[in-house]
Amino acid sequence: MTVPSKNFDTLARITYSFERASWTLLDLVFPPRCQSCRQPGERLCARCRAEIEYLKEPVCSHCGYPHPAPTTDDSCDQCRRISFGNVRIRSMAFHSESLRNAIHSLKYRRNPALGETLADLMSQRWLADFPADAMLIPVPLGMERKQARGFNQAEILARGLGARWRRPLVVDGLSRGRETRSQVGLNAQDRKSNVAGAFVASAKVKGHSVILIDDVCTTGATLSACAEALLQSGATHVWAYTLARARHDADILTP
Ligand SMILES: [Zn+2]
Ligand SMILES: [Zn+2]
């Protein structure tokens, strides 16, 4: 069994520090613009940060969706309507306004420095809920999408979190066994069938707890399919942490 390094690998850490220093220098020469409102100065300005709707306790202990009072799996409306499977989910904030704009920019314009800013915000929340020995694994993109885009935004976030939390990052912990169509526009049931059995987990996960990292959780179908693959390969527990959480409105939940 391959045991991953206890912490973020040394070479990766040096490369990462070098990249961060380069971005800081570049920012002095070319001041960045806010990726939500386009004001010059910061990648996400103070006003747009203040608009982020952070998820706060109490949340469901299983699916992580906010509730007016502390809840168990049995009493959570979201868990009753959607099966989240064997993954416990936490998300930083609702997928709205400035955060939605920033995620769009992270996905479609190559902007790893914005990923840094967002990973920094993510790192300040929910850590106490996750197992102390868990490895971080980004949700993989399909090969076609990764080739077209050139990078995986989940990997950028996972790298930033790994460095801040000092947790091992296993980029190849999961891969797509088959291509899937985009989940956009699909309802909860179709999302589940679209990604069922689509992921393959590496033997590296055997005997370890895992925190899956992704940009957005909509109905949890992708996270749940990833968790199944990880558990089949011997992972002990699977958690997920996403930057944003879609509000569960009727459009997504209608079968
Ligand atoms: Zn702004
Ligand atoms: Zn729930």
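What counts, and at which threshold
- Along each chain, residue indices are assigned from 1 in the same order as the chain's sequence is written.
- Here every chain gets a letter starting at A, and every ligand a number starting at 1, in the order they are written.
- Only residues with pLDDT of at least 70 get local features here, since the model is predicted, and only at 80 or more are side-chain atom pairs given and counted; chain-wide, interface and lining totals rely on the full set of residues.
- Segments assigned H or I by DSSP are reported as helices when at least four residues long, segments assigned E as strands when at least two residues long, and all are numbered from the N terminus.
- As defined in this context, the radius of gyration uses C-alpha atoms, and a globule is described by 2.2 Å times the residue total to the power 0.38.
- With C-beta atoms placed from the backbone, a residue is labelled by how many other C-beta atoms lie within 10 Å of its own: buried for 20 or more, exposed for 12 or fewer, partly exposed between the two.
- Any two residues are considered in contact once their C-beta atoms, placed from the backbone, lie within 7 Å.
- The length a helix should cover is 1.5 Å for every residue beyond the first.
- Every axis corresponds to a line fitted to the C-alpha atoms, with the helix fit spanning only the stretch in contact, and the corresponding angles, defined between N-to-C directions, vary from 0 to 180 degrees.
- Throughout, the term roughly parallel applies to angles under 35 degrees, roughly antiparallel to angles over 145, roughly perpendicular to angles from 65 to 115, and oblique to all others.
- Here a crossing is taken to be left-handed if its near helix is turned anticlockwise relative to the far helix by less than a right angle, and right-handed if that turn runs clockwise.
- In this classification, Asp, Glu, Lys and Arg are treated as charged, Ala, Val, Leu, Ile, Met, Phe, Trp, Tyr, Cys and Pro as nonpolar, and every other residue, Gly included, as polar.
- At least two DSSP bridges between two strands are required for those strands to pair.
- How sure the predictor is of each residue is captured by pLDDT, a score from 0 to 100.
- Think of a nonpolar core as buried Ala, Val, Leu, Ile, Met, Phe, Trp, Tyr and Cys residues chained together by C-beta atoms that fall within 7 Å.
- With strands facing away from the observer, any crossover in which the path from the first strand over the helix to the second runs clockwise is taken as right-handed.

Concerning the overall build of the protein chain
Phase 1: For the protein chain, the helix and strand inventory stands at ten helices and six strands.
Phase 2: Taken against the 2.2 N^0.38 rule, which gives 18 Å for 255 residues, the C-alpha radius of gyration of the protein chain at 18 Å falls within 12% of a compact globule.
Phase 3: Principal-axis analysis of the C-alpha atoms places the extent of the protein chain at approximately 55 × 45 × 35 Å.
Phase 4: A burial count over the protein chain gives 41% of its 255 residues as buried.
Phase 5: By sequence separation, contacts in the protein chain at least 24 residues apart represent 74% of the contacts at least 6 residues apart.

Brief notes about helix 9 (residues 221–232)
Working note: α-helix, 3.6 residues per turn, so residues spaced by three or four point in the same direction.
Phase 1: A rise of 1.5 Å per residue sets the reference length of helix 9, with its twelve residues, at 16 Å; its end C-alpha atoms lie 17 Å apart and thus fit the reference within 8%.
Phase 2: Counted residue by residue, helix 9 has nine buried out of twelve residues, so it is predominantly covered.
Phase 3: Restricting attention to buried positions, one finds in helix 9 the residues A221, T222, L223, S224, A225, C226, A227, A229 and L230.
Phase 4: Contacts made by the buried residues of helix 9 are with strand 1 (88–94), strand 3 (174–176), helix 8 (188–195), strand 4 (199–201), strand 5 (209–217) and strand 6 (237–245).
Phase 5: G234 occupies a position one or two residues after helix 9 and carries a positive phi of about 100°.

As for the packing of helix 4 (residues 97–108) against helix 5 (residues 112–123)
Phase 1: At their nearest, the axes of helix 4 and helix 5 sit 9 Å apart, and the two run at 140° to each other. Classified by the angle between their axes, helix 4 and helix 5 sit oblique to one another. Of the two possible hands of crossing, helix 4 and helix 5 adopt the one that is left-handed. Residues A102, S105 and L106 of helix 4 touch helix 5, and the partners they reach there are L114, G115 and L118.
Phase 2: Looking at the contact of helix 4 with helix 5 residue by residue, the class counts come to four nonpolar, two polar and no charged.

Re unusual backbone geometry
Most peptide bonds are trans, and most residues other than glycine sit at a negative phi.
Phase 1: The residue after E57, namely P58, is reached through a cis peptide bond having omega 0°.
Phase 2: Position of P58 among the secondary structure elements: in the loop between helix 2 (46–51) and helix 3 (77–81).

Quick notes on the sheet that holds strand 2 (residues 135–138)
Phase 1: The parallel open sheet is built from four strands, whose spatial order is 1-6-5-2. The open sheet terminates on both sides in strands that have one partner only, identified here as strand 1 and strand 2. Averaged over all pairs of adjacent strands, the angle between strand axes in this sheet comes to 25°, irrespective of strand direction.
Phase 2: Strands in contact with helix 9 are strand 1, strand 5 and strand 6; relative to strand 5, the strand with the most contacts, it is inclined by about 160°.

A look at the confidence of the model for the protein chain
Phase 1: A residue-level look at the protein chain finds 92% of positions with pLDDT of 70 or above and a mean pLDDT of 87.
Phase 2: Confidence drops under pLDDT 50 across residues 1–6; counting only partners more than four residues distant or on other chains, this segment forms ten contacts.

Topic: the nonpolar core
Phase 1: Grouped together as the largest cluster of nonpolar side chains are 62 residues, with contacts concentrated most on L157, V210, I211, L212, I213, C226 and L230.
Phase 2: Counting residues per element, this core draws most heavily on helix 9, at seven residues.
Phase 3: Residue contacts for L230: discarding those within four places in its chain leaves L174, A201, V205, V210, A235 and V238.

Some remarks on the pairing of strand 6
Phase 1: For strand 6, the buried fraction is high: eight of the nine residues fall into the buried class.
Phase 2: Across six bridges, strand 1 lies against strand 6 in parallel orientation. What sits directly across from R88, in strand 6, is W239.
Phase 3: Looking at chain direction, strand 5 and strand 6 are connected through eight bridges and run parallel. Note on strand 6: the bridge partner recorded for D214 is T242.
Phase 4: Once the chain exits strand 5 it traverses helix 9 before rejoining the sheet at strand 6, and the crossover so formed is right-handed.

Focus: the packing of helix 5 against helix 7 (residues 153–165)
When two helices pack together, you describe them by how their axes are tilted relative to each other and by the distance separating the axes.
Phase 1: Helix 7 packs onto helix 5 with a crossing angle of 50° between their chain directions and a minimal axis gap of 8 Å. The angle between helix 5 and helix 7 falls in the class oblique. For the pair helix 5 and helix 7, the sense of crossing is right-handed. Between helix 5, through P112, G115, E116, L118, A119, D120, M122 and S123, and helix 7, the contact on the second element is made entirely by Q153, I156, L157, G160, L161, R164 and W165.
Phase 2: Of the residues belonging to the contact of helix 5 with helix 7, the class tally is eight nonpolar, four polar and three charged.

Here we look at the environment of E19
Phase 1: Within the element layout of this structure, E19 appears in helix 1 (residues 10–29).
Phase 2: Judged by the 14 C-beta atoms lying within 10 Å of it, E19 falls in the partly exposed class.
Phase 3: The spacing of E19 and R149 is 130 residues in sequence and 20 Å in space, taken between C-alpha atoms.

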